[in-house]
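Structural description and commentary
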Number of protein chains: 4
Amino acid sequence: MTPLTHPSLTTLDIDSLEAELRHQSPQKILERAFSLVDSIAISFSGAEDVVLIDMAHRINPEVKVFSLDTGRLHAETYRFIERVRKHYNLSIEMMYPDAAAVEALVKEKGLFSFFEDGHNECCGIRKVAPLRRKLATLDGWITGQRKDQNPSTRAGIPVIQIDHAFSTEDRPLLKFNPLANWSSADVWMYIRTYAVPYNLLHEQGFISIGCEPCTRPVLPNQHEREGRWWWEDAGKKECGLHAVNDAAASA
Amino acid sequence: MTPLTHPSLTTLDIDSLEAELRHQSPQKILERAFSLVDSIAISFSGAEDVVLIDMAHRINPEVKVFSLDTGRLHAETYRFIERVRKHYNLSIEMMYPDAAAVEALVKEKGLFSFFEDGHNECCGIRKVAPLRRKLATLDGWITGQRKDQNPSTRAGIPVIQIDHAFSTEDRPLLKFNPLANWSSADVWMYIRTYAVPYNLLHEQGFISIGCEPCTRPVLPNQHEREGRWWWEDAGKKECGLHAVNDAAASA
Amino acid sequence: MTPLTHPSLTTLDIDSLEAELRHQSPQKILERAFSLVDSIAISFSGAEDVVLIDMAHRINPEVKVFSLDTGRLHAETYRFIERVRKHYNLSIEMMYPDAAAVEALVKEKGLFSFFEDGHNECCGIRKVAPLRRKLATLDGWITGQRKDQNPSTRAGIPVIQIDHAFSTEDRPLLKFNPLANWSSADVWMYIRTYAVPYNLLHEQGFISIGCEPCTRPVLPNQHEREGRWWWEDAGKKECGLHAVNDAAASA
Amino acid sequence: MTPLTHPSLTTLDIDSLEAELRHQSPQKILERAFSLVDSIAISFSGAEDVVLIDMAHRINPEVKVFSLDTGRLHAETYRFIERVRKHYNLSIEMMYPDAAAVEALVKEKGLFSFFEDGHNECCGIRKVAPLRRKLATLDGWITGQRKDQNPSTRAGIPVIQIDHAFSTEDRPLLKFNPLANWSSADVWMYIRTYAVPYNLLHEQGFISIGCEPCTRPVLPNQHEREGRWWWEDAGKKECGLHAVNDAAASA
């Protein structure tokens, strides 16, 4: 198949790409992503998606990485992101929320409004808006989403898709999910085999890691998603980064 | 089958009991244990084997429970054992090591000799000897051992057996392992369904829990046994409570 | 003495005010501050300066409070600020740093640049600029500074002063330090006597509390300031909020 | 003054020794203690009395040290005692409580009886009896008691005394308190100046350190003794090691 320059990609191309890549390894998917799209970056959450950085760095030491600094991450997560930056000699771009938006929310509702009226407003300001600002500069992004992370919302995620949530009229955005078909066990086997640095919260019972007030450790054999926004319904446990596409995928 | 009084049990009887109980629920096995043996008690480790206490207490509120207080348990474990005692209104007998034996070991080798020459000497003094003293007063004991806890040493444990390690010449000792065929997931489903109290260390990444210096949290998807005596070979990770029988079972 | 409207205050007035208030209680100083200046607010650090809020709230339940959310505070501090907000039924304004400034610093130097080239650049972006933005809307501010906090830099702070660091050409800014002459022991006696809510970090060995990466607990009898920016000289341990005035005061 | 061999010491001699040593440094008192009594040892609590070990070790590298392992110390304290043992190349004798006594108390009252009927019964079994057993082998012991630790009970402790609580008919026991006149600040100045190893709990807000369930961190400027047996009256806060003598001293 001839490499395509991204702006000319059509839905048909995506379908054939998805068919081509569906059963490939994450590394092959990453390679294809880098060959298809120049302006592309990994979205790093500060958790076990560090495997994407490890894989990508072996393929492309100049890989671009960004992360969403909501201003409420765990101290351990800030330390981990710094450790990753130094370990791979990367520049990790930290996207920061808009001061006026944060100030207005907090002035009206305090610092923990999400416990009272849901996490969407806070995630919208601290995660989605900064992400949108970053994605507007890219033609493709790479995420650590996996089907096994959330049976309600992520069961149908493809390895490649057009990102209908963040594409603009004149700029379609490609989204790659190289780990879609990996299990949590696969990810951790990789981390341990290749001695990939990991967030020390993983040594304290945390599996999925997001903002500090909205993340907690899980019990043995408890599904990792129960450690996130635990006061809300399982079906709503998405912060908005992936929601629109996931809804389409699991429709 | 006619109930047997324990002292007359023969190996043949054990085999047929094992055949009878092999596919029964833990609760059925507990019922049978209580009907077979009068002088019987649950050995409680302070971890997720609390499910045995919950099950047994529903069958027999007078169930006897003992635990081995090595003098080096986690503060959280002491608090948990006390919570269980009050929750079920039980008398939990804490077996304590012999002062002279502990003093001699510590004087010669310090408080962390196990990191240097293995855990057997310390376990022998702090766990096995007090257990032996307790078992000498019983005709049967009930443990929380499960096959899935250690593929190297516990794969073959039966639900009932003669305890060749702790029986004496004139006093055969029956050992029941009602959870032998349950998985960790089964145990935790039970704990959460019945709101059984649990050790708070389980909220900090601990799965298997023993003495404080010899237990650590595991990473996501790491086998629970890797949190115990991690500086030794997997095949040796038994404290001596179950070693002789396990060796026989997996032979 | 006739109450003065603030814009007409002269240095002479300040001197006589200082003479008047120097030996007064913090409560008297707060009362005077509220009577002198309409547009005035307490700057709350999330530490033991909560006593100022408690005192001020008894005098004026509508007291305005702001705090600098650097995006790197301890999780405990965010929880404490929320607790104070609810306890006193206050609106606490959280000033947030400018996204572009934070992003540029972090992109160039990572998340912990202060350990390498000093805390001034980071404090400048995360604390001083948001403070300046807030102070531009006020005629006076009230701080929890005390002489005993830092013998090198705070020994000479007055209870009232013109804030030469943040006044503008056409808008002199008054700064009140009602706790200037209180010791740490006085503050904690007040907190315990009046059951004032306090930051739970104070139960973990923390005395002075700032940003998470730049604060640490101190040992028994260690000066509280040794828990802040401990990799720098004692004489430099100011974040810029008070530096210019302090320099003048101790000159 | 002629050195005395211990068994011949009279009350009069003690008075003149006290007069001689009252204003001496802890080191001088230690030297005198070693010259006066052959069979003497330091009682080490695992807290800041480590300064005694440091001082004594410089005078006499063969100094004998014992500690009371109640079976309920903090994990950090066990690690600290081991660190001290290795740092000074000492043999630290850990005195352990009698198994039958602990088992009987716990069977009857559970693991936290002290919260309900006071700490004396538990301290009696876990601390005082093992101490008595140890002291019966000595002619003198050295403690880290200081007057400033407890204004109610320790204000009058001398630097040397006949231990009326633990002497036997035919064997008077000398007790030395070389730090009696040192303040907490003096002790910590010594620790920091000489880089003496210290219990890491001191970095978490703990000042006085005893058993884990009966010790807690204190707030800034809170008296250290408020971190011990906080549910009891200040005047009773002695574990029985020093009670009889203190009562005499402050009478």
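Worth saying up front: this structure is predicted, and the values here are computed from it rather than measured. (Residues numbered from 1 in each chain as written. Chains lettered and ligands numbered in written order. Predicted model: local features only at pLDDT ≥ 70, side-chain atom pairs only at ≥ 80, totals over all residues. Heavy atoms only, no water.)

A look at the overall build of chain A
A tally of regular secondary structure across chain A gives nine helices and six strands. For chain A, the C-alpha radius of gyration of 17 Å lies close to 18 Å, the compact-globule estimate for 251 residues. Counting only C-alpha atoms, chain A reaches 55 × 45 × 35 Å along its principal axes. With 251 residues in all, chain A has 60% of them scored as buried. Accessible surface for chain A amounts to roughly 9,900 Å². Of this, 53% is attributable to carbon and sulfur atoms. Here chain A contributes 28 positively and 34 negatively charged side chains, and the mean placements of these two sets differ by 3 Å. (Helix = DSSP H or I, 4+ residues; strand = E, 2+ residues; numbered from the N terminus. Rg over C-alpha atoms; globule rule 2.2 N^0.38 Å. Buried < 20%, exposed > 50% of the residue type's maximum accessible area, 1.4 Å probe, protein only. Areas by Shrake-Rupley, 256 points an atom, 1.4 Å probe, with all protein chains shown as cover. Lys, Arg positive; Asp, Glu negative; His and termini not counted. Charge placed at Lys NZ, Arg CZ, Asp CG, Glu CD.)

Examining the interface of chain A and chain C
Contacts between the two partners involve 30 residues from chain A and, on the opposite side, 30 residues from chain C. Summing both sides of the interface, chain A and chain C together bury roughly 2,600 Å²; the carbon and sulfur share of this comes to 54%. Of all residues in chain A, Tyr96, Glu103 and Leu111 of chain A bury the most surface against chain C, accounting for 24% of the area lost on that side. Along the contact surface separating chain A from chain C lie eight salt bridges. The partner of Lys107 of chain C in a salt bridge is Glu93 of chain A, and the shortest N-O contact between them spans 3.8 Å. Run the count over chain A and chain C and you get 17 residue pairs in polar contact (both at pLDDT 80 or more). Elements with a minimum of two residues in the side of chain A that touches chain C: helix H4 (75–87), strand E3 (92–95), helix H5 (99–109) and helix H7 (120–135) of chain A. Residue contributions to the side of chain A that touches chain C peak at seven residues, all from H4 of chain A. A class-by-class count of the residues in the side of chain A that touches chain C yields twelve nonpolar, four polar and 14 charged. (Contact = heavy atoms within 4.5 Å. Buried area = accessible area lost by both parts, 1.4 Å probe. Salt bridge = Lys/Arg side-chain N within 4 Å of Asp/Glu carboxyl O. Polar contact = N/O pair within 3.5 Å; in protein donor to acceptor, adjacent residues only side chain to side chain. Nonpolar A, V, L, I, M, F, W, Y, C, P; charged D, E, K, R; others polar.)

Some points on the sheet that holds strand E2 (residues 65–68) of chain C
Residues and elements named next belong to chain C. Spatial strand order, E3-E2-E1-E4-E6-E5: six strands in an open sheet with mixed pairing. Strands at the two margins of the open sheet, each flanked by one partner only, are strand E3 (92–95) and strand E5 (160–162). For this sheet, the mean angle separating the axes of adjacent strands, direction not counted, is 30°. Taken strand by strand, helix H7 (residues 120–135) contacts E2, E3 and strand E4 (140–142), and its axis lies near 155° from that of E2. (Pairing = 2+ DSSP bridges. Axes fitted to C-alpha atoms, helices over the stretch in contact; angles between N-to-C directions.)

Examining the relation of the copies chain A and chain C
The operation relating chain A to chain C is a screw motion whose rotation component is 180°, with 0.0 Å of axial translation and a residual RMSD of 0.0 Å. As the rotation angle and translation indicate, the two copies are arranged about a two-fold axis. Every residue of chain A has its C-alpha some distance from the rotation axis, and the shortest such distance is that of Gly71 of chain A, at 2.1 Å. When you check the interface residues of chain A against chain C, 100% turn up at the interface there too, and the contact is symmetric in its surfaces. (Least-squares fit on C-alpha atoms with pLDDT ≥ 70 in both.)

Quick notes on the pairing of strand E2 (residues 65–68) of chain B
Residue and element names in this part refer to chain B. With burial as the criterion, each face of E2 is covered, one bearing Val65 and Ser67 and the other bearing Phe66 and Leu68. Where strand E1 (residues 40–43) meets E2, two bridges bridge the pair, whose relative direction is parallel. By the bridge assignment for E2, Ser43 is matched with Phe66. What joins E1 to E2 is helix H3 (residues 50–59), and the crossover it makes is right-handed. Of the pairings in the sheet, the one linking E2 to strand E3 (residues 92–95) comprises four bridges and is parallel in character. If you follow Leu68 over to E3, its bridge partner there is Met95. On the question of chirality, the crossover connecting E2 to the parallel E3 by way of helix H4 (residues 75–87) is right-handed. (Right-handed = clockwise from strand over helix to strand, strands pointing away.)

Topic: the relation of the copies chain D and chain B
The two chain copies are related to each other by a rotation about an axis together with a translation along it. Once chain D is rotated about the relating axis by 180° and shifted along it by 0.0 Å, it coincides with chain B to within an RMSD of 0.0 Å. Both copies present the same face, since 100% of the interface residues in chain D are matched by interface residues at the equivalent positions in chain B.

Examining the packing of helix H2 (residues 26–36) of chain A against helix H3 (residues 50–59) of chain A
What describes two packed helices is the angle between their axes and the distance between those same axes. Residues and elements named next belong to chain A. The contact between H2 and H3 brings their axes to 10 Å, and the two run at 60°. Classified by the angle between their axes, H2 and H3 sit oblique to one another. In the packing of H2 onto H3, the handedness of the crossing is right-handed. Every residue of H3 that contacts H2 at Pro26, Gln27, Leu30, Glu31 and Phe34 is listed here: Leu52, Met55, Ala56 and Ile59. Residue composition of the contact of H2 with H3, by class: seven nonpolar, one polar and one charged. (Parallel < 35°, antiparallel > 145°, perpendicular 65-115°, else oblique. Left-handed = near helix turned anticlockwise from the far one by under 90°.)

Looking at the interface of chain D and chain B
At the junction of the two partners, chain D supplies 30 residues and chain B supplies 30 residues. Summed over both partners, the interface of chain D with chain B buries about 2,600 Å², with 53% contributed by carbon and sulfur atoms. Taken together, chain D and chain B are joined by eight salt bridges. Its salt-bridge partner being Glu116 of chain B, residue Lys86 of chain D comes within 3.0 Å of it at the nearest N-O pair. Where chain D packs against chain B, one counts 18 residue pairs in polar contact (both at pLDDT 80 or more). Looking at the side of chain D that touches chain B, the elements with two or more residues in it are helix H4 (75–87), strand E3 (92–95), helix H5 (99–109) and helix H7 (120–135) of chain D. Per-element accounting of the side of chain D that touches chain B gives the leading share, seven residues, to H4 of chain D. Of the residues that constitute the side of chain D that touches chain B, the class distribution is twelve nonpolar, four polar and 14 charged.

Read these as geometric descriptors, not functional statements.
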